[in-house]
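Structural features, examined
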Amino acid sequence: MSVEQKKVRKKERSARLAIWMAARSSRNKTFLDRLCRKMITKATAVDPTKDFMRDDFVDNDQGFDPDELDRYQRGETAVVGQQ
Amino acid sequence: MPAPVPFDPQEIVDAKYEERPTREGVTTKRMICAACDIACSVVGEVQKGRVTKIRSSDNPIFKDNICMKGIVAPKGLAHPNRILHPLKRVGERGSGKFEQVTWEEAMGDIGGRLKKIIAEYGPEAWAVSTSQWNTSTDHGLGRRVMNHVGSPNWISGVALCAGNTAAVNRFTYGWFPFGDFSSTNCIVLMGHNPRRHSWTPLYNSIRSAQARGAKLIVMDPRRSSSAERADIWLPLKAGSDAAMMFGWLKVIIDEELYDKEFVANWTLGFEDLKERVNEYPLERVAELTGCDPEMIAEAARVYATSGPSIIPWTPITDMQRNSTSGIRLQTILRSICGYVDVPGGELLQGFNPDIVNESTVEMHHVLSDEQKLKQLGSKDHPAFTYRGQLAFREPTQRVYGQEYANLVTGCHMATPSETFRAMAGEGEYPVKAFFFLGNNPLMSYANMPLIHKAMMNQDLIVSHEQFMTPSAQLADYILPADSWLERPWIHDMFGWMSTIRFSEKAMDPPGDCKSTFEFWKQIAGALDMPEVVPWDTIEDFYDYRVAGTGKSFADLISDTEVYFKKPAFKTYEKTGFATPSGKVELKSSLLEELGFDPLPYFREDPPHDKDYPQKMFTGVREDPYFQTGHRHIPEMRARCPEPQIYLNEKTAKAAGVAEGDWVSVENQLGSVKAILAVKDAMPDDLVRVPHGWWKPEMKQGNGSLSGAWDYSDAQLCRDDPDYLDHEQGIPHLKGIPCRVVPLAAEGPAKAASNAQHMEPAE
C-alpha cells in the first residue's frame, strides 16, 4: 500500500468513526449514545458571540396557539364584508 | 464532521441528556421540513392534535438548521384558503369556478377520461409534472404508475435545478457527487448565495468550514453576502460560468497543477481536453467573463493547490445556454485535480443498500424501449431523457448494483419545452392529459405564454394541490393535498446521497386532504391496475422499503434519526467508474454517440439587440418564499409585499427610473411589473427579476390568474433555440436581454373581488 493509499484509508477509518458517532448520537438512548452526542455537541459548538446562526426570528419563536390556528383555519379572523 | 475536541469524562457522566423541555400538554415529533427543498431535520410541537410550533432539532448534527419558512409552516398550512375537498371545474376552463365533489366521484371520472385519452392517442398522450422535492414526495410512485401505463412524459422543475446536473455529471464519472464540507479546504460557489434563511444547512456548512480555515471562492455578478465573505470574488458576467472554468483549466493545465497520477490512470480524453482548453487563453476568458485575468489565474491556483476542494452544486449553472458544458467543466475540474471520491472532496456515495430506493420503486424496466424513445425531447435534446441515459444501465449495474439510477429524479425526464409544445398541439404527437402535483407548472418553466396555450388545449387536467395556484385555476379537478406536518416520510436525499432520514406524522390532514401515496394508489385503481400500488397504507409501503435494515418503519422512526451507509473512499479502484469505459470521461463517449461535441464548449451570446440594452437574470427567490409558494402567509408577505427588481443607480438613471417606482421589465416574449430597488451590489446593466410572483388575493381565472399575468417571471424566460442549451433543452435564465421602462401612474395591481378565495384581512 502506497503512502497515499494509507492516508486515504486512515481518513476512511476516521470518517467511519465519525459516522458511527453521529449515528449513536442521533439515537441518544444509552450512555454511549449520549457520550457521542456530548462529543459532537462540544466539537460543533460555536462561541455565542460569533454564532452566525443566531437570529431573533428563530430564537424568539414561541409558536402558535392551537385554538387560534383552528379559528384561523375556519377563516374567523377575516373581517366580514372586507373581502 | 469536525474532529473531536478534548472533553472531561466526568462532565459526561454527570450530565443530564434530555430533549429540550416542552410545556404541559405538548408532545414532540421528529420531522423533516418540506417548506423548501433542503429538508432540514426539525422538531414539531403538537398541542390539541395540531402542530403549533416548528423548532430546530435537538440533535447536534442538525442543530440550527431551520429558517423562517419552516417556523411559519403551522400557520401557512392552516390558512383558510387551503383546499380541503376535491373540486371539479364548472364552466369553461379558466373560468375560476369549481364545485365540491367526493374523491370517489373525482376518481371515477378522471379514470374514465384518462383511459379514453390513452385509447385514442396512446399512453404517451399523458404527461405529469411534479415538483418532486417539495411534494415530499411521490416516492417514485408517479413514475411507477406511468411506466406501467406506458407514458415516458414525466417532467419536473428538476429539469433546470439539480436533476439535470445529476444527469450530466453521470457523463463524466457516472454519479452525482456531494461535497464533503466537513473536511474540505476550499469551497467554490458559482453564483450561489446560501443565507441564514435560504439554503440554511449549506450556509451553516460553509460558515463552519470557513471558521476552521477553509477558503471560499465566489463567482457572482452581484456583490452578494457570500461574495463579501469570500477570499476571492470573481464578478463575472451573468451566464459566463463555462468560459470562466475554461480559464481555470487553462491555468491549471498550463501550470501543471492537476493530479497527474489520477489523470494518467483514471481519465480518458485529457489530450483532447487540453487542445480545447487552449482555445481559451486568459485574455479571451477575461473578455468573455469581464474579470481580470490575474484574478482568474489566482482563483484557479487556490482551487487546485488548496485541495481537497469542492464545487458544490449550484442551480445557477443549471440554467444557462451553456449548462451542459458548464456542468461538465465542473466535473472536469473536480476530476483532473484529483478531488473525486476522496475525503474533503466530492463524494460518490451511491445507494444505501438497506433501503429500497425510489429508482427501484419507479420500475423503469417495465416501460418498453419503444415508449422510452417516444419521450418528448429525446430527439433534439436527449441529455437527461431515457435516450441520453440508457447507456448507463450496464455501468450503473456494475458499480451501484442496479440498472436505473434516477438521481435527484432527473435522469429519465422528458424535456419541459418539448412537452408543452406537444400539449399545445405543436409537437411530434399530441399530449391531451396533464396532471401536476405540488407544482405550479404555468410559472415554473420557461415561456409561460406557451404553457398557458398548452394547458388550454388539454382534454383533462388534474392538480393535486394545497392552494389555488394560477395553474390549479386551469384544472378540471383539484384534489386536496396533505402537507409535511400531516404524513410520515422517508427522505432518501433525492437518490443523491446514501443517508436516509425519517419524519413522523404530527397531525391528521384537514378535510379530505390526502397524500401523494394515496393519490397514486387511487389513480392506479381508477386505471384498473390496483396491483401496481399494492400496499394498503403508506406505512406498509415504508415497511417494504426499509425491510433491509431488519427493522420496521415504526421502529426506525422511534430510534433512528438518520440511517447511514458505511463511508468509503476511492471505491472506483475496485469497481471502476459507472461510465462505459469505467474511467472518468473528460471526453464523453456518450455525448459523442448522441451526436454532440464530446468536449465542453462555450456558445457566445446572440447578436446584441439595441432595443433591449440590459440583461436580466431570474430564478432568484426572496428568503420568505420558496418558488411560487408562501405568498399567502401574512407574516411572510409583510416582509416582502411586492415583487422588486434590482438595478444599480447608474443603470436606473439611464433607464429613467428611480427607487420605489413601479417599472416594467420587457423582452421579446413578454413583460412583468415590479417595484424598483436600487442596489449598489448590482453591476451595470444587470437586472435582477425575482422568481415566482403572483398574489393569491387577486382575481382568479383566465385574464388575471391571480396576478400571474402581471408578475410571473416565466413570461420573460425564452425557450427559442438561441436561449436553450443544446444537449438538455433547458432555458437560459442568466443573462437574457431586456429593457426596464417606467410604468407611468401605475400602482400595485388592484385586488379584484373574489370573496370565496380572498385572504382574510390581517
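Residues numbered from 1 in each chain as written. Chains lettered and ligands numbered in written order. Predicted model: local features only at pLDDT ≥ 70, side-chain atom pairs only at ≥ 80, totals over all residues. Heavy atoms only, no water.

**What about the overall build of chain A?**
How we decide: In DSSP terms, a helix is any run of H or I states spanning at least four residues, a strand is any run of E spanning at least two, and both are numbered starting from the N terminus. For the radius of gyration, the atom set is restricted to C-alpha positions; the globular benchmark scales as 2.2 Å times the number of residues to the power 0.38. The buried label goes to any residue with under 20% of its type's maximum accessible area, the exposed label to any with over 50%, and the partly exposed label to all in between, with areas taken from a 1.4 Å probe on protein chains only. Values of accessible area rely on a 1.4 Å probe in the Shrake-Rupley scheme; residue burial ignores everything except the protein chains shown. We count Lys and Arg on the positive side and Asp and Glu on the negative side, and we leave His and both chain ends out. All charge positions are set by atom: Lys at NZ, Arg at CZ, Asp at CG, Glu at CD.
Looking only at helices and strands, chain A has four helices and zero strands in total. Mapped from its N terminus to its C terminus, chain A presents α and β elements in the order α-α-α-α. Over its C-alpha atoms chain A spans a radius of gyration of 24 Å, topping by over 25% the 12 Å that the globule rule assigns to 83 residues. Relative to its 83 residues, chain A shows a buried fraction of 35%. Roughly 5,300 Å² of accessible area belongs to chain A as shown, and the carbon and sulfur atoms make up 53% of that amount. Taking the average place of the 18 positive charges on the side chains of chain A and the average place of its 14 negative ones, the gap between the two points comes to 20 Å.

**Considerations on the sheet that holds strand S13 (residues 309–310) of chain B**
Spelled out, the test is: Pairing between strands is defined by DSSP: at least two bridges between them are needed.
What the four strands build is an open sheet, ordered S11-S10-S9-S13 (chain B); its pairing is parallel. Strands with a single pairing partner mark the edges of an open sheet, and in this sheet they are strand S11 (232–234) and S13 of chain B.

**Observations concerning the pattern of salt bridges**
All names here are of chain B. Where we set the bar: Salt bridge, as used here: a side-chain nitrogen of Lys or Arg that lies within 4 Å of a carboxyl oxygen of Asp or Glu.
Under the defined criterion, the tally for this structure stands at 54 salt bridges over all chains. Residue Glu 228 pairs with Arg 223 through a salt bridge whose shortest N-O separation is 3.2 Å. A relative accessible area of 30% means that Arg 223 is categorised as partly exposed. A salt bridge links Asp 508 to Lys 505; the nearest nitrogen and oxygen atoms lie 3.2 Å apart. Here Asp 508 falls in the exposed class, since its relative accessible area comes to 53%. Residues joined in a network through salt bridges with shared partners are Arg 89, Arg 93, Asp 109, Arg 113 and Asp 476.

**A closer look at the nonpolar core**
Note that soluble globular proteins tend to have their nonpolar side chains buried in a common cluster. Residues and elements named next belong to chain B. The criterion, for reference: Residues belong to a common nonpolar core when they are buried Ala, Val, Leu, Ile, Met, Phe, Trp, Tyr or Cys residues joined through side-chain atoms within 4.5 Å. Residues count as neighbours in contact if any of their non-hydrogen atoms are within 4.5 Å of one another.
Of all hydrophobic cores here, the largest spans 195 residues; its most connected members are Trp 126, Trp 248 and Ile 336. Sort the elements by how many residues they give to this core and helix H10 (residues 241–254) lands first, with ten residues. Among all residues touching Trp 248, those that are not within four sequence positions of it are Val 188, Ile 217, Met 219, Leu 234, Ile 296, Ala 299, Ala 300, Tyr 303 and Leu 333. The next biggest cluster of nonpolar side chains, apart from the first, holds 18 residues, and it includes Val 663, Ala 674, Val 687 and Val 740.

**Considerations on the interface of chain A and chain B**
Stated formally: The term buried area means the drop in 1.4 Å probe accessible area that two parts suffer when joined, counted for both and summed. Each polar contact in these results corresponds to two N or O atoms within 3.5 Å; when the atoms are within protein, one needs to be able to donate a hydrogen and the other to accept it, and residues that are neighboring in sequence are counted only if both atoms are side-chain atoms. Each residue gets one of three labels, nonpolar for Ala, Val, Leu, Ile, Met, Phe, Trp, Tyr, Cys and Pro, charged for Asp, Glu, Lys and Arg, and polar for the others, Gly among them.
Contacts between chain A and chain B engage 52 residues on the former and 71 residues on the latter. Contact between chain A and chain B buries roughly 5,500 Å² in total, counting both sides, with carbon and sulfur atoms accounting for 63%. Considering only the side of chain A, the residues that lose the most area to chain B are A:Phe52, A:Met53 and A:Tyr72, jointly responsible for 14% of the buried surface there. Our count for the contact surface shared by chain A and chain B stands at four salt bridges. Across the pair B:Glu573 and A:Arg9 runs a salt bridge, and its minimum N-O distance is 3.4 Å. Between chain A and chain B we count 15 residue pairs in polar contact (both at pLDDT 80 or more) in total. Of all the elements in the fold, those that place two or more residues in the side of chain A that touches chain B are helix H1 (3–27), helix H2 (31–44), helix H3 (56–59) and helix H4 (66–73) of chain A. Here the side of chain A that touches chain B takes 15 residues from H1(A), the largest share from any one element. The residue makeup of the side of chain A that touches chain B, split by class, is 21 nonpolar, 13 polar and 18 charged.

**Notes on helix H13 (residues 282–289) of chain B**
Residue and element names in this part refer to chain B. The condition is simple: To obtain the arc, one takes the directions from the helix axis to the C-beta atoms.
Within the span of H13, buried status applies to Leu 282, Val 285, Ala 286, Leu 288 and Thr 289. Each buried residue of H13 lies within a common arc of 165° when the element is viewed along its axis, so the set occupies one face. Among the exposed residues of H13, those oriented more than 90 degrees off its buried face are Glu 283 and Glu 287. Those residues of H13 that are buried lie in contact with H10 and helix H14 (293–306). Count one or two residues on from H13 and you reach Gly 290, which has phi positive near 80°.

**Focus: the packing of aromatic side chains**
All names here are of chain B. Going by this rule: Ring pairs are drawn from Phe, Tyr and Trp, using the six-membered ring of Trp, whenever the two centres fall within 6.5 Å, and their geometry is named by plane angle: stacked under 30 degrees, edge-to-face over 60, tilted for the rest. By definition, being over a ring means that NZ of Lys or CZ of Arg is both within 6 Å of the ring centre and within 35 degrees of the ring normal.
Taken as a whole and judged by the stated rule, the model has 33 aromatic pairs over all chains. Between Tyr 303 and Tyr 339 the ring centres are 5.3 Å apart and the planes differ by 80°, which places this aromatic pair in the edge-to-face class. Of the two residues, Tyr 303 is situated in helix H14 and Tyr 339 in the loop between helix H16 (323–336) and strand S14 (346–347); the sequence distance between them amounts to 36 residues. There is no split in this pair, since Tyr 303 and Tyr 339 are both buried. Among the aromatic side chains, those forming a connected cluster through ring pairs are Phe 502, Phe 517, Trp 535, Phe 541, Tyr 542, Tyr 544 and Phe 553. The side chain of Lys 372 reaches across the aromatic face of Tyr 386, ending 5.5 Å from its centre.

**Some points on the confidence of the model for chain B**
All names here are of chain B. Stated precisely, the cut-off is as follows: Each residue carries a pLDDT score, the predictor's confidence in it, ranging from 0 to 100.
Per-chain confidence: chain B averages 93 in pLDDT, with 94% of residues scoring 70 or above. Confidence drops under a pLDDT of 50 for residues 749–762, and excluding neighbours within four residues, the segment shows 39 contacts in the predicted structure. This prediction of the complex comes with two scores: 0.93 for pTM and 0.85 for ipTM.

**Quick word on unusual backbone geometry**
Residue and element names in this part refer to chain B. With omega at 0°, the peptide bond leading from Gly 307 into Pro 308 counts as cis. Tracing the chain through its elements places Pro 308 in the loop between H14 and S13. Positive phi, normally seen in glycine, also occurs at Trp 199, with a value near 60°. A relative accessible area of 9% places Trp 199 in the buried class.

**Concerning the pairing of strand S22 (residues 614–620) of chain B**
Residues and elements named next belong to chain B. Counting buried residues along S22, five of its seven residues qualify, which places the element largely inside the surrounding structure. Two elements, S22 and strand S27 (residues 734–742), share four bridges in a ladder whose sense is antiparallel. Among the inter-strand pairings, Phe 617 is bridged to a residue of S27, identified as Lys 734.

**Examining the sheet that holds strand S20 (residues 562–563) of chain B**
Residues and elements named next belong to chain B. Reading across the sheet, the three strands line up as S18-S19-S20 and stay open at both edges, with antiparallel pairing between neighbours. Each of the sheet's edge strands pairs with one partner strand only, and the pair in question is strand S18 (489–491) and S20. Across two bridges, strand S19 (residues 500–503) lies against S20 in antiparallel orientation. The residue bridging Arg 501 from the neighbouring strand is Val 562, located in S20.

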